[in-house]
Amino acid sequence: MKILKFGGTSVGSAERMRALAGLINDGAPKIVVLSAMAGTTNALVEIAGAVCAGERVKAEGLIGALEEKYSAVAAELYGRGETLAGGKELLASRFAELRALAAGPFTGKEERAVLAQGELLSTGLFQLLLEEGKIDSVLLPALAFMRIDADGEPAMAYIEAEAGKELAKHPGKELFITQGYICRNPAGEIDNLKRGGSDYTATILGAAIRAEEIQIWTDIDGMHNNDPRVVEGTSPIAELSFDEAAELAYFGAKILHPTCILPAQLRNVPVRLLNTMQPAARGTLITERTAGDQIKAVAAKDGITAIKIKSGRMLLAYGFLRAVFGIFERYKTPIDMITTSEVAVSLTIDDTKNLDAIVRELKGFCSVEVDYGLTIVCVVGSFTAEKEGYALKIFEAMKNIPIRMISYGGSENNVSVLVKTERKSEALLALNKGLF
Ligand code: ADP
Ligand code: ASP
Ligand code: MG
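Reference entry: report on the structure contained in this document.

How each quantity is defined
- Residues numbered from 1 in each chain as written.
- Chains lettered and ligands numbered in written order.
- Predicted model: local features only at pLDDT ≥ 70, side-chain atom pairs only at ≥ 80, totals over all residues.
- Heavy atoms only, no water.
- Phe/Tyr/Trp six-rings, centres within 6.5 Å; stacked < 30°, edge-to-face > 60°.
- Helix = DSSP H or I, 4+ residues; strand = E, 2+ residues; numbered from the N terminus.
- Buried < 20%, exposed > 50% of the residue type's maximum accessible area, 1.4 Å probe, protein only.
- Lys NZ or Arg CZ within 6 Å of the ring centre and 35° of its normal.
- Near = heavy atom within 4 Å.
- Polar contact = N/O pair within 3.5 Å; in protein donor to acceptor, adjacent residues only side chain to side chain.
- Areas by Shrake-Rupley, 256 points an atom, 1.4 Å probe, with all protein chains shown as cover.
- Nonpolar A, V, L, I, M, F, W, Y, C, P; charged D, E, K, R; others polar.
- Expected span 1.5 Å × (residues − 1).
- Pairing = 2+ DSSP bridges.
- Axes fitted to C-alpha atoms, helices over the stretch in contact; angles between N-to-C directions.
- Contact = heavy atoms within 4.5 Å.
- 1 Å grid on protein atoms, 1.4 Å probe; cavity = no way out; pocket = protein on both sides within 12 Å on 5 of 7 lines; lining within 4 Å.
- Points joined across faces, edges and corners; volume = space filled by probe spheres on them.
- Left-handed = near helix turned anticlockwise from the far one by under 90°.
- Core = buried A, V, L, I, M, F, W, Y, C linked by side-chain atoms within 4.5 Å.
- Salt bridge = Lys/Arg side-chain N within 4 Å of Asp/Glu carboxyl O.

1. Notes on the packing of aromatic side chains
Counted according to the given criterion, the structure contains five aromatic pairs. Consider the rings of Tyr70 and Phe95, whose centres lie 6.1 Å apart with planes at 55 degrees: the pair is tilted. Highlighted residues: Tyr70 in helix α3 (residues 56-77) and Phe95 in helix α4 (residues 81-103), separated in sequence by 25 residues. Side by side, Tyr70 and Phe95 carry an identical accessibility label, which is buried. For the cation-ring pair, Arg147 lies above Tyr158, with the distance from its terminal atom to the ring centre recorded as 4.7 Å.

Right, dumping it as structure tokens:
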């Protein structure tokens, strides 16, 4: 069994959905994970924002506009009146739910239920299209088996057991459709795997059922060696190791959800990145294999905050770092980069939810400076310590860009450099020129 995940643009219009139905209808057993249609989750975020702000009229306007868009898609999607009637029924019930959520008391729970509507809509519409085309498929409700634990991590044992039970309800079936992104939390409420989370659904599910392969289908022909949104003339990478792909995803290569590689890596399930617009393109294959001794790609992660912590007593003061890290651990705030000198330590975070409290506690025993508006530029490949010249190449390329922090040697796969966000594009372009 393979898992095939299709992103927002791959289901972004009636035409794309029809093309997708053709693409997956090849007789091979598979679970198809779908995102919401492109733009829908953003629209739902906006609707939730309006409701939160008490702007109910604005929210109703946005819901109405979204409903019109979907009505037009349904009208274009189906060839038979009977299927269109089914589609209209689906839209009516989903939009009634959306309106009910927007009208009632609105807490985080209702907000997350609003955000879940996109994937429920896309999978429902697509399943009807398959039924109309007499393509035998089963719509699996992701909310019945996808679950996160209290730390927001996938509850793997639960998912494995429950997904198995759901599949076992349909003996002899070979094509399953399910929602990406959405799940339940330990309270049983509707939740999600964070933006871009459909990739994560695919790899979690792929690991859970020990799939033969996980395919992430999107609008580009694989992982490119630099950010194609910033740099022109980037090219796809044929093969990456799990470690390399995980670094690129975590440090900003938007083609993959930041943490989606791990489940596949833990169960050693290959991940293939493919292009829906160009199905014959080779794409990128991600496996445990490492090509070795190469700089492969550059990515950038914005929204980084640096914290410089200085202790007069740090000299020889073992225990200082433990005290510092203990605070970040208590506030469940991951640290991305870290550098130390004899008297100071600088580190970066991207989750600033608890920054004020963290700074307050740090100030109890050291001086603290906070810098905002930073970007981690991350160079990924295989950097064996024996091979000379990598650092020179990277910093020669970046010679005109002020650097706030450098991290080299943490792993064999990554050199990270912290720059001001306003210099990001320049840094990516310079590295492209210098490295590839
Ligand atoms: P989907 O909706 O299918 O999940 P995304 O927009 O999340 O698609 O991811 C695909 C996009 O990721 C591409 O269109 C591209 O602009 C962007 N992207 C950023 N960095 C990279 C990279 N290194 N390689 C390929 N695509 C990248
Ligand atoms: N629809 C969700 C989002 O836009 C999940 C995804 O597309 O992967 O973030
Ligand atoms: Mg995505």
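Text resumes after the structure shown.
2. Things to note about the site of ligand 1
Near ligand 1 you find 16 residues, and of these Lys5, Thr218, Asp219, His224 and Lys254 are the closest. One nitrogen or oxygen atom from the side chain of Asp219 is found 2.8 Å from an oxygen atom belonging to ligand 1. Note that a nitrogen atom of ligand 1 is positioned 2.8 Å from one of the backbone N or O atoms of His224. Here ligand 1 has 570 Å² of accessible area as a free molecule, and 86% of this is covered by the chains. Its residues assigned to classes, the shell around ligand 1 shows five nonpolar, six polar and five charged.

3. Notes on helix α6 (residues 117-132)
The end-to-end C-alpha distance of α6, which contains 16 residues, comes to 23 Å, matching closely the 22 Å that a straight helix rising 1.5 Å per residue would cover. The element α6 is extensively covered by neighbouring structure, given that 15 of its 16 residues are classed as buried.

4. Things to note about the site of ligand 2
All residues adjacent to ligand 2 are Ser35, Ala36, Thr41, Glu119, Tyr181, Arg195, Gly196, Gly197 and Ser198. For ligand 2, whose unbound accessible area comes to 260 Å², protein coverage reaches 86%. Grouping the constituent residues of the shell around ligand 2 by class yields two nonpolar, five polar and two charged.

5. Some words on the sheet that holds strand β13 (residues 344-349)
Pairing within the open sheet is antiparallel, and its six strands lie in the order β12-β13-β11-β14-β16-β15. Whereas interior strands pair on both sides, the edge strands pair on one side only; in this sheet they are β12 (338-340) and β15 (405-411). Strand-to-strand, the axes of this sheet are offset by a mean angle of 30 degrees, without reference to chain direction. With 13 bridges joining them, strand β11 (residues 294-310) and strand β14 (residues 367-382) adopt antiparallel strand pairing.

6. Concerning the sheet that holds strand β4 (residues 175-179)
Taken in spatial order, the eight strands line up as β3-β4-β2-β1-β7-β9-β10-β8 in an open sheet, and their pairing is mixed. Looking at the sheet topology across the chains shown, the edges are occupied by β3 (138-140) and β8 (239-241). For this sheet, the mean angle separating the axes of adjacent strands, direction not counted, is 20 degrees. Strand direction decides the pairing type here: strand β9 (residues 271-275) and strand β10 (residues 284-287), joined by three bridges, are antiparallel. Its bridge partner being in β10, Val271 is matched across the sheet by Ile286. Strands in contact with α6 are β2 (30-34), β3 and β4; relative to β4, the strand with the most contacts, it is inclined by about 155 degrees.

7. A short note on the side chain of Asn192
Along the chain, Asn192 falls in strand β6 (residues 190-192). Overall, the relative accessible area of 14% leaves Asn192 in the buried class. Looking at Asn192, its side chain comes within polar contact range of the main-chain nitrogen of Lys194, at 2.9 Å. When residues no more than four places from it in sequence are discounted, the contact partners of Asn192 are Arg112, Leu115, Ile148, Tyr181, Ile182 and Cys183.

8. Section: the layout of surface pockets
Computed from the structure, the second largest pocket encloses a volume of approximately 160 Å³. Lining the second largest pocket are Lys2, Leu4, Leu23, Ile24, Asp26, Ala28, Pro29, Lys30, Glu212, Gln215 and Trp217. At the level of elements, β1 (2-6), α1 (14-24) and β7 (213-218) are the ones that each hand at least two residues to the lining of the second largest pocket. Of the residues assigned to the lining of the second largest pocket, the class counts are six nonpolar, one polar and four charged.

9. A closer look at the packing of α1 against α6
Packing of α1 against α6 brings their axes to within 10 Å, and their N-to-C directions diverge by 65 degrees. The hand of the α1/α6 crossing is right-handed. Together, Met17, Arg18, Leu20, Ala21 and Ile24 of α1 and Ser122, Leu125, Phe126, Leu129 and Leu130 of α6 make up the contact between the two elements.

10. Digging into the pairing of β7
Regular strands place their side chains on alternate faces of the sheet. Where burial is concerned, most of β7 is hidden: six out of the six residues are buried. Burial along β7 is two-sided: the face carrying Glu213, Gln215 and Trp217 and the face carrying Ile214, Ile216 and Thr218 are both buried. Here β1 pairs with β7 via five bridges, running parallel. Within β7, the residue paired with Lys2 across the bridge is Glu213. Direction of pairing for β7 relative to β9: parallel, over a ladder of five bridges. Within the sheet, the bridge partner assigned to Thr218 lies in β9 and is Asn275.

11. Observations concerning the nonpolar core
Grouped together as the largest cluster of nonpolar side chains are 104 residues, with contacts concentrated most on Ile24, Phe126, Met223, Leu256 and Ile286. Ignoring anything within four residues of it in the chain, the contact list for Met223 reads Ser235, Pro236, Ile237, Leu240, Leu248, Ala253, Ile255, Leu256, Leu273 and Thr284. Formed by 19 residues, the second largest nonpolar core is a distinct cluster that contains Val231, Val377, Ile394 and Leu435.

12. Quick notes on the pattern of salt bridges
Inspection of the entire model under this criterion finds 26 salt bridges. In this structure, the salt-bridge partner of Glu160 is Arg267, at a minimum N-O distance of 3.1 Å. Of this pair, Glu160 sits in helix α7 (residues 156-168) while Arg267 sits in the loop between α10 (261-266) and β9, and the two are 107 residues apart along the sequence. The exposure class of Glu160 is partly exposed, given its relative accessible area of 28%. According to the relative accessible area criterion, Arg267 is partly exposed, its value standing at 30%. In this structure, Asp336 and Lys301 form a salt bridge, with 3.2 Å as the shortest nitrogen-oxygen distance. Note that Asp336 is positioned in the loop between α11 (320-330) and β12 and Lys301 in strand β11, a separation of 35 residues in sequence. For the pair formed by Asp336 and Lys301, the shared burial category is buried.

Keep in mind these values describe shape, not function.
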